Amino acid sequence: MPLRLPARWIPPRPWLLLGLLAGLASCQSQPEAAGTVPATPPTGHFAGTLQAPGQPELRAVLEVRHPRPGHYEAELLLPEQPALSFVADSLTFTHDTLRLARPGQPDQQLTLARQGNFWRGTLGLDSTRYPLLLVRRGEPEPAVYRVRRDAIAGTTAPALLFSPADESLPGLALAFFPSTADSQAGPVWADALARQGHTVLLLPPADSLSAPALANALALLRRTAGVDTARVGAWVNGPAAGLLPLVLAENTASRPSFVVVQNMPAPLLAVRRDWQALAQRGHLLAVYDATQPRAAVTQARALLGVRRVRQAPAGTLRSQLLTWLREQ
């Protein structure tokens, strides 16, 4: 059975293992229990290259950490392709093979076989495989952020909490509600924001948003270590964003301090005044991917004001959003 190393991994107690070996010895002629102690992954800072088809080699870094007994962490970093970087919330190590899955994107998996001080394997993205070769260069670098799973009442599946490793300075936090059509972008945004010191609660993809789900998500963030409770916001993607004023009207006891809406469709006439009132109170930003129709962007600018609406390619949009968040 493969060894899974999530948030906690407790090796067998020595006295229990000795008792088991003694029991086995009494009923078999040759000892067969040798090697029953699970193997543990080698820790370190591993550097090398990833080869994308038809592209130059990319620098790649793997950090495998053992921050405390029974707990392992792993992080893949590609400086030239940050959208592929991630911190794993669990890892599997068996038969000298390490497997990591990206939180929120189980179809993105890193599989590496150990060969001495080397790791050789592939990064799988859907049906594409990218060869990867890494060699140990020293001790692991400190973690930037960590990921854990949390249950949120009012949602259909566990949420993922991306929180900075350094909790000494209270910082901004947001609850991220991705749409089903844009579910793969959620972990990419969460990784980018967490690397800037923000805390992100990534909710399960959905095309609707309920007041209890929003209230419970904001409450979890406000009681999370390292979060400035006066700077807790919400980010809603896709169809659910259009009805956000109605959800906020039900949530008068627990409102976000700022709001980001992404790829919002044209708001219904019934809530246009609510959107205008929300924009007038400030702390609102509407962002659109470069692929979104210009008509939706034009309508949003007419409704919310030009300064509160941005459309740009992914890299530029990420930079603009991070600048805006620092001002909140």
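Now for a look at the structure at hand.

Quick notes on the overall build of the protein chain
Reasoning step 1: Each helix and strand in the protein chain was counted, giving 7 helices and 18 strands.
Reasoning step 2: Out of the 328 residues in the protein chain, the part that is buried amounts to 47%.
Reasoning step 3: A sequence separation of at least 24 residues applies to 61% of the contacts in the protein chain between residues at least 6 apart.
Reasoning step 4: As displayed, the protein chain offers around 16,300 Å² of accessible surface, 55% of which is attributable to carbon and sulfur atoms.

A short note on helix α3 (residues 211-222)
Reasoning step 1: If you check α3, its first and last C-alpha atoms are 17 Å apart, about what 12 residues at 1.5 Å a residue would give, namely 16 Å.
Reasoning step 2: Check the buried side of α3 and you find it contacts β11 (145-150), β12 (159-164), β13 (171-177), β14 (199-202), β15 (227-237) and α4 (244-250).
Reasoning step 3: Two or three places before A213, at the opening of α3, S210 has a side-chain oxygen 3.2 Å from that residue's backbone nitrogen.

What to know about the sheet that holds β13
Reasoning step 1: Reading across from one edge, β11-β12-β14-β13-β15-β16-β17-β18 is the order of the 8 strands in this open sheet, with mixed pairing throughout. In this open sheet, the two strands that pair with only one neighbour each are β11 and β18 (309-312). In this sheet, neighbouring strand axes are inclined to one another by 20° on average, regardless of whether the strands run parallel or antiparallel.
Reasoning step 2: Note: strand β17 (residues 284-289) against β18, 4 bridges, orientation parallel. Following the sheet pairing, V287 is matched in β18 by R310.
Reasoning step 3: With respect to the sheet, helix α2 (residues 185-194) is in contact with β11, β12, β13, β14, β15 and β16 (259-262), its orientation differing from that of β14 by roughly 165°.
Reasoning step 4: Packing of helix α7 (residues 314-326) onto the sheet brings it into contact with β13, β15, β16, β17 and β18, and relative to β18 it is tilted by some 150°.

As for unusual backbone geometry
Reasoning step 1: With phi around 50°, H95 is a residue other than glycine that occupies positive phi space.
Reasoning step 2: Within the element layout of this structure, H95 appears in the loop between β6 (91-94) and β7 (97-102).
Reasoning step 3: A positive phi angle is found at D96, which is not glycine, with a value near 60°.
Reasoning step 4: Residue placement: D96 occurs in the loop between β6 and β7.

The rules behind these values
Residues numbered from 1 in each chain as written. Predicted model: local features only at pLDDT ≥ 70, side-chain atom pairs only at ≥ 80, totals over all residues. Heavy atoms only, no water. Helix = DSSP H or I, 4+ residues; strand = E, 2+ residues; numbered from the N terminus. Buried < 20%, exposed > 50% of the residue type's maximum accessible area, 1.4 Å probe, protein only. Contact = heavy atoms within 4.5 Å. Areas by Shrake-Rupley, 256 points an atom, 1.4 Å probe, with all protein chains shown as cover. Expected span 1.5 Å × (residues − 1). Polar contact = N/O pair within 3.5 Å; in protein donor to acceptor, adjacent residues only side chain to side chain. Pairing = 2+ DSSP bridges. Axes fitted to C-alpha atoms, helices over the stretch in contact; angles between N-to-C directions.

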